[in-house]
Amino acid sequence: MAILLLIRHGDNDVFKTRIAGRMPGVHLNSAGLQQVQALADSLTSAPITAIYSSPMDRALETAAPLAANHSLEVSVHPGLIEVDYGRLQGRTYKQLKRLKIWKLVHEQPSAVTFPEGESLSGVMKRIVAALDGLACQYGDHSLIACVTHGDLIRLAVAHYLGIPLDHYQCFSIATASITTLVLGKNRPQLLNLNQVNVLEWPKPPPEKPS
């Protein structure tokens, strides 16, 4: 059974205000660089066999310190790439809230196909095919790091735990977090979900002046 470390990329200056998707030139910010170095250092003693990454800059930058610590090359895997949001890519969340499809994303994601982009059901099939392929490629107890994106990790976990796609957003995946899956001949196992070096929680919105 292969052990897959699903790692979400670190912080950047885009993802909190707009849907970055496959926009070029989205790089880690200073906080993100600190996050991914801390993540890499936390895995220094882990017997990582191989490191795979989404081709997006923010993912490759997340994989880099981990690869340096283990003297490994980063292999780009197209199955780990971010969702293709089509015409929604780059829009602010304020703009997205006005769209019917964005409401559907949160109410019935299994029915969503982004205009000129992917369907969420297709994304689930893509990430599962990628992870299954990597699990088959390596031997039992091989530890494989896969640097990817939040929605792909949620969709993968939902699939392997038998959670319907419409409920895949019921758990959070923080930036620079690790989620660990064991895949093989037996039933998949989730060893940990959304492990972070520093625990954070949702903060209340700032009070409006009276």
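Figured I'd write up the structure that's included with this text.

1. A short note on the overall build of the chain
1) Next: A tally of regular secondary structure across the chain gives six helices and six strands.
2) Next: From first element to last, N terminus to C terminus, the chain shows the α and β order β-α-β-α-β-α-α-α-β-α-β-β.
3) Next: Rg of the C-alpha trace for the chain: 17 Å, near the compact-globule value of 17 Å for 210 residues, within the 12% margin.
4) Next: Overall size of the chain, expressed as C-alpha extent along the three principal axes, is 55 × 35 × 30 Å.
5) Next: Looking at the 210 residues of the chain, the share that counts as buried comes to 48%.
6) Next: Across the chain, contacts joining residues at least 24 apart in sequence account for 70% of those joining residues at least 6 apart.

2. What about helix α2 (residues 57-70)?
1) Next: Taking 1.5 Å per residue as the helical rise, α2 with its 14 residues ought to reach 20 Å, and the 20 Å between its terminal C-alpha atoms agrees with that figure.
2) Next: Regarding α2, the residues found buried are Arg-58, Ala-59, Thr-62, Ala-63, Pro-65, Leu-66, Ala-67 and His-70.
3) Next: In this structure, the buried side of α2 is in contact with β1 (2-8), α1 (30-42), β2 (48-53), β3 (74-76) and β4 (143-148).
4) Next: Count one or two residues on from α2 and you reach Ser-71, which has phi positive near 55°.

3. Structural notes on the layout of surface pockets
1) Next: The computed volume of the largest pocket comes to approximately 1300 Å³.
2) Next: Considering the residues around the largest pocket, the lining is formed by 42 residues, among which Arg-8, Phe-15, Arg-154, Ile-173 and Ala-174 are closest to the centre.
3) Next: Among the elements of the structure, α1, α4 (100-107) and α6 (150-161) are those that each provide at least two residues to the lining of the largest pocket.
4) Next: Among the elements that line the lining of the largest pocket, the one with the most residues is α1, at five residues.
5) Next: Counted by class, the lining of the largest pocket contains 20 nonpolar, 12 polar and 10 charged residues.
6) Next: Its volume calculated, the second largest pocket comes out at about 230 Å³.
7) Next: For the second largest pocket, the lining is made up of 13 residues, of which Met-1, Ala-135, Leu-183, Gly-184 and Lys-185 are closest to its centre.
8) Next: With three residues, the top contributor of residues to the lining of the second largest pocket is helix α5 (residues 120-137).
9) Next: Along the lines of polarity and charge, the residues of the lining of the second largest pocket split into eight nonpolar, two polar and three charged.

4. Description of the side chain of Asn-12
1) Next: You can see Asn-12 is positioned in the loop between β1 and α1.
2) Next: In this structure Asn-12 comes out as buried when scored by relative accessible area, which is 4%.
3) Next: In terms of polar contacts, Asn-12 uses its side chain to reach the backbone amide nitrogen of Phe-15, at 3.0 Å.
4) Next: Setting aside chain neighbours within four positions, we find Asn-12 in contact with Val-26, His-27, Leu-28, Asn-29 and Arg-58.

5. Re empty space enclosed by the protein
Over the atoms, a rolled probe matching the size of one water molecule traces out where space is still vacant.
1) Next: In this structure the tally under the stated criterion is one cavity of 30 Å³ or more.
2) Next: Of the pockets and cavities examined, the largest cavity occupies roughly 40 Å³.
3) Next: Of the residues that constitute the lining of the largest cavity, the class distribution is four nonpolar, three polar and no charged.

6. Topic: the sheet that holds strand β5 (residues 178-183)
1) Next: Strand order in the open sheet made by the six strands is β3-β2-β4-β1-β5-β6, with mixed pairing throughout. Only two strands of the sheet have a single neighbouring strand rather than two, namely β3 and β6 (189-195). Between one strand axis and the next, the sheet turns through 25° on average, direction left out of account.
2) Next: Relative to β6, β5 is paired through four bridges, and the arrangement is antiparallel. Opposite Leu-181, over in β6, you have Leu-190 as the bridge partner.
3) Next: Running at roughly 145° to β1, α6 makes contact with β1, β4, β5 and β6 of the sheet.

Procedures and definitions
Residues numbered from 1 in each chain as written. Predicted model: local features only at pLDDT ≥ 70, side-chain atom pairs only at ≥ 80, totals over all residues. Heavy atoms only, no water. Helix = DSSP H or I, 4+ residues; strand = E, 2+ residues; numbered from the N terminus. Rg over C-alpha atoms; globule rule 2.2 N^0.38 Å. Buried < 20%, exposed > 50% of the residue type's maximum accessible area, 1.4 Å probe, protein only. Contact = heavy atoms within 4.5 Å. Expected span 1.5 Å × (residues − 1). 1 Å grid on protein atoms, 1.4 Å probe; cavity = no way out; pocket = protein on both sides within 12 Å on 5 of 7 lines; lining within 4 Å. Points joined across faces, edges and corners; volume = space filled by probe spheres on them. Nonpolar A, V, L, I, M, F, W, Y, C, P; charged D, E, K, R; others polar. Polar contact = N/O pair within 3.5 Å; in protein donor to acceptor, adjacent residues only side chain to side chain. Pairing = 2+ DSSP bridges. Axes fitted to C-alpha atoms, helices over the stretch in contact; angles between N-to-C directions.

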